[in-house]
Amino acid sequence: MTGFTGAFWRNGDTGFDDAAASRLFNHRRPSRRPAVVLRAAHAADVAAGVRLAAAEGWKVAVRSGGHSWAAWSLREDTLLIDLALFTRMSYDPDSATVAVGPAVRGGLDLDPYLAGYGRFFAVGHAPTVGMGGFLLQGGIGWNCRGWGWAAESIESMDVVTADGELVRCSETDNPDLFWAARGSGPGFFGVVTEFRLRTRPRFRELTQSTYVYPVWLAPEVLNWYHMARHDLPSSVELAAVGCTPPGSGSPVLIVDAVSFDGGPVSLAALGTCPVAGKALTANVAQQVDFADLQAAQLRSSPEYHRYFADNAFLAGSASELVPALVPAFTDLPTPKTFTVLGDFTPLLCRRPPDMSLSVQTDLYFAAYVIGETPEEDAWCRSWLDAAMERVAPYSAGCYLGDSDLTVRPDRVMSDAAWSEFQRIRTARDPEGRFPGYLGAPVQ
Ligand SMILES: Cc1cc2nc3c(=O)[nH]c(=O)nc-3n(C[C@H](O)[C@H](O)[C@H](O)COP(=O)(O)OP(=O)(O)OC[C@H]3O[C@@H](n4cnc5c(N)ncnc54)[C@H](O)[C@@H]3O)c2cc1C
């Protein structure tokens, strides 16, 4: 007897293995297992779960959407609180805020819901990503480059603390908890049961320009990109992507930009690449549907695959960075692997928000190595390790959302933010009920 409304499994019970691991996106799954799984039905279950963990001497792990590449929610000797049932959404037209449960999927659930009200929230690119982990890590949502981190639009959240109390936190209520929650991701020491998010008016139309280059032009294109990215306005999301188009057998380098103000003029800088005339294809300033953009994301990150991801915020001149980056765009280890060089120039031109998320530069490199069988794992791992080793000298730190600190530790907060985070954590979770990062960040 557990007294929970939701379901509860001990290790060894029928259904335990499914409950522990079946909702994980990455099919390269670690052998770590919790002691028990609680699929909570409501916040009172979560609070009771945290108190039970204290009584039994377990730590508490949390799962919302199950999309962390490194399966952060699987920890030994924990009570795993699975928030799969926390999918409530409720829009308040007076405040233009939306309340969302942490297992709501940004693109599949929240976006169509908000579209019905003519509103938008910058959800994660792949529509299946859960809001819980996405928001706590900061959240690189659509046009993060111009609109900022998704976590900046959190108005308030409800949190079950390490002592099993349900509290609200915001800029004014429990501000220490609110500060720590926005950026600490899997290091957070509480369970968020609901977020209230500020929404924005839905864009009227989207315009996209896409230039596909042969990879032998990668040095020229990346050199140009390093400068030209500064010329695009903040309404434009911009990335250079290395990938292999299905059926083609050889990689290409794509420079892709989406304008959220609908104006072709905002994309004009893409035509200034000195080798633009040598692009294999160029689709310039075409109108595009958000649904099509999301469908492309779903195709690029297929389910039931074995993923290895890593990333770095880079700082350096083109002459330093381009040689370090080129192989990661020209020589991909598997047909489905893709790499991204994203730009955050407008974000760096403003006063940084006061939250624990505090490591960032204007250039973001991420690699997503996608295998299909365990036999490919060693090759995928070594390719990614080599790619990250080349860029590591220029890394100012990493984004938790695409990291695996057990493999390559990096900085996740500034020194000042890290000290503050530790101070708040000690005060809020003195017994270490929440296990903290899996693998130690560099500080
Ligand atoms: C296909 C794919 C595409 C992605 N695209 C993007 C993208 O565009 N932008 C981006 O920023 N990231 C992206 N990511 C990364 C993703 O945002 C992170 O992996 C994030 O952790 C996923 O959240 P989740 O709730 O689904 O994951 P989970 O694995 O459920 O959560 C990860 C960890 O976060 C913590 N956590 C989650 N929910 C809570 C909660 N309610 N309370 C307390 N702690 C909690 C826990 O420590 C948990 O183990 C992508 C990932 C995938 C697999």
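Since the model is a prediction, treat every value here as computed from it, not as a measurement.

Asks: How do you make sense of helix α11 (residues 377-391) when you look at a structure like this?
Replies: Two residues of an α-helix separated by three or four positions point the same way, owing to the 3.6 residues in each turn. Here α11 is 15 residues long and its end C-alpha atoms lie 22 Å apart, about the 21 Å a rise of 1.5 Å per residue gives. Taken residue by residue, α11 has Asp377, Cys380, Arg381, Trp383, Leu384, Ala387, Met388 and Val391 as its buried positions. Viewed end-on, α11 has its buried residues packed into an arc of 165 degrees, placing them on one side of the element. Across α11 from its buried face, at more than 90 degrees, point the exposed residues Ala378 and Glu389. Looking at the buried positions of α11, the neighbouring elements they touch are β16 (306-314), α9 (318-330), β17 (338-343), β18 (363-371) and β19 (395-397).

Asks: Before we go on, may I ask you to explain the nonpolar core in this structure?
Replies: Soluble globular proteins: nonpolar side chains tend toward being buried together. With 99 residues, the main nonpolar core has Leu110 and Leu197 as its most contacted residues. With five residues, the single largest contributor to this core is helix α6 (residues 175-184). When near neighbours in sequence (up to four residues on either side) are disregarded, Leu197 contacts Ala96, Thr97, Val98, Val100, Leu110, Phe121, Met131, Leu135, Ser153, Ile154 and Glu155. Ranked by size, the runner-up nonpolar core spans 46 residues in total, among them Leu222, Ala240, Cys273 and Val326.

Asks: Would you take a moment to explain the UniProt feature "domain: FAD-binding PCMH-type" (unreviewed entry) in the protein chain for this structure?
Replies: UniProt feature "domain: FAD-binding PCMH-type" (unreviewed entry): in the numbering of this structure it lies at residues 29-202. Counted over residues 29-202, helix gives 25% and strand 26%. Its end C-alpha atoms are 37 Å apart.

Asks: Hey, could you run me through the site of the ligand in this one?
Replies: Around the ligand, the structure places 32 residues, and the nearest of them are Ser64, Ser68, His125, Ile140 and Tyr399. For the ligand, the protein covers 95% of the area, taking 950 Å² as the surface of the free molecule. Counting only elements with at least two residues in the shell around the ligand, the list comes to β3 (59-63), α4 (131-136) and β10 (191-198). When residues in the shell around the ligand are grouped by element, the largest group, four residues, is from α4. Classifying every residue of the shell around the ligand gives 15 nonpolar, 16 polar and one charged.

Asks: Can you help me understand the packing of aromatic side chains in this one?
Replies: Here the distance between the centres and the angle between the planes together describe a pair of aromatic rings. In the structure shown here, the tally under the stated rule is 30 aromatic pairs. For the pair Phe120 and Trp147, a centre-to-centre distance of 5.8 Å together with 65 degrees between the ring planes defines the contact as edge-to-face. Residue Phe120 is found in strand β7 (residues 119-120), and its partner Trp147 is found in helix α5 (residues 144-147); the two are separated by 27 residues along the sequence. Residue classification places Trp147 among the partly exposed positions, given a relative accessible area of 23%. Centre to centre, the rings of Trp142 and Phe290 are 5.3 Å apart; their planes meet at 70 degrees, and the pair counts as edge-to-face. You can see Trp142 sitting in the loop between α4 and α5 and its partner Phe290 sitting in helix α8 (residues 290-300), a full 148 residues away along the chain. Judged by its relative accessible area of 2%, Trp142 falls in the buried class. Among the aromatic residues, those joined into a cluster by ring pairs are Phe120, Trp142, Trp147, Phe203, Phe260 and Phe290.

Asks: Sorry if this is basic, but what is going on with the pattern of salt bridges here?
Replies: Between side chains of opposite charge, pairing is possible as soon as their charged atoms come close. Under the defined criterion, the tally for this structure stands at 23 salt bridges. Among the salt bridges present, the one from Arg23 reaches Asp82, with a minimum N-O distance of 2.6 Å. You can see Arg23 sitting in the loop between α1 (16-21) and β2 (36-39) and its partner Asp82 sitting in strand β4 (residues 78-82), a full 59 residues away along the chain. Its relative accessible area of 25% is what places Arg23 among the partly exposed residues. Accessibility expressed as a relative area gives 0% for Asp82, which makes it buried. The salt bridge involving Glu431 is made with Arg433; its shortest N-O contact spans 3.1 Å. Judged by its relative accessible area of 63%, Glu431 is exposed.

Asks: Just to check I follow, could you spell out unusual backbone geometry for this structure?
Replies: Only a minority of non-glycine residues have a phi that is not negative, and only a minority of peptide bonds are not trans. Phi at Ala96 takes a positive value of approximately 55 degrees, unusual for a residue other than glycine. With respect to the helices and strands, the residue Ala96 is situated in the loop between β5 (89-92) and β6 (97-100). One non-glycine residue, Asn174, lies in positive phi territory at about 45 degrees. By secondary structure assignment, the location of Asn174 is in the loop between β9 (166-170) and α6. For Asn174, a relative accessible area of 25% translates into the label partly exposed.

Asks: I would appreciate a short explanation of the domain arrangement of the protein chain in the present structure.
Replies: Many structure descriptions define interface size as the accessible area lost when the parts assemble. Splitting the protein chain by domain gives domain 1 (7-82), domain 2 (89-202 + 415-428) and domain 3 (206-402). Just the C-alpha atoms count here: the centres of domain 2 and domain 3 sit 25 Å apart. Domain 2 puts 32 residues into the contact, and the matching count from domain 3 is 32 residues. Overall, the association of domain 2 and domain 3 removes approximately 2700 Å² of surface from exposure, summing both partners, and the carbon and sulfur fraction of that is 62%. Considering only the side of domain 2, the residues that lose the most area to domain 3 are Trp142, Arg145 and Trp149, jointly responsible for 34% of the buried surface there. Summed over the shared surface of domain 2 and domain 3, the number is two salt bridges.

Asks: It is not clear to me how the environment of Leu74 should be interpreted in this structure. Could you clarify?
Replies: Relative to the elements of secondary structure, Leu74 occurs in the loop between β3 and β4. Classification of Leu74 as buried rests on a relative accessible area of 0%. Spatially, the C-alpha atoms of Leu74 and Asp92 are 35 Å apart, while their sequence positions differ by 18 residues. The residues touching Leu74, leaving out its near neighbours within four places in the chain, are Ala20, Leu24, Pro30, Arg32, Arg33, Pro34 and Arg63.

Definitions and cut-offs
- Residues numbered from 1 in each chain as written.
- Predicted model: local features only at pLDDT ≥ 70, side-chain atom pairs only at ≥ 80, totals over all residues.
- Heavy atoms only, no water.
- Helix = DSSP H or I, 4+ residues; strand = E, 2+ residues; numbered from the N terminus.
- Expected span 1.5 Å × (residues − 1).
- Buried < 20%, exposed > 50% of the residue type's maximum accessible area, 1.4 Å probe, protein only.
- Arc of directions from axis to C-beta.
- Contact = heavy atoms within 4.5 Å.
- Core = buried A, V, L, I, M, F, W, Y, C linked by side-chain atoms within 4.5 Å.
- UniProt positions renumbered as here; feature names shortened; annotations may be inferred.
- Near = heavy atom within 4 Å.
- Areas by Shrake-Rupley, 256 points an atom, 1.4 Å probe, with all protein chains shown as cover.
- Nonpolar A, V, L, I, M, F, W, Y, C, P; charged D, E, K, R; others polar.
- Phe/Tyr/Trp six-rings, centres within 6.5 Å; stacked < 30°, edge-to-face > 60°.
- Salt bridge = Lys/Arg side-chain N within 4 Å of Asp/Glu carboxyl O.
- Domains from an automatic or database assignment.
- Buried area = accessible area lost by both parts, 1.4 Å probe.

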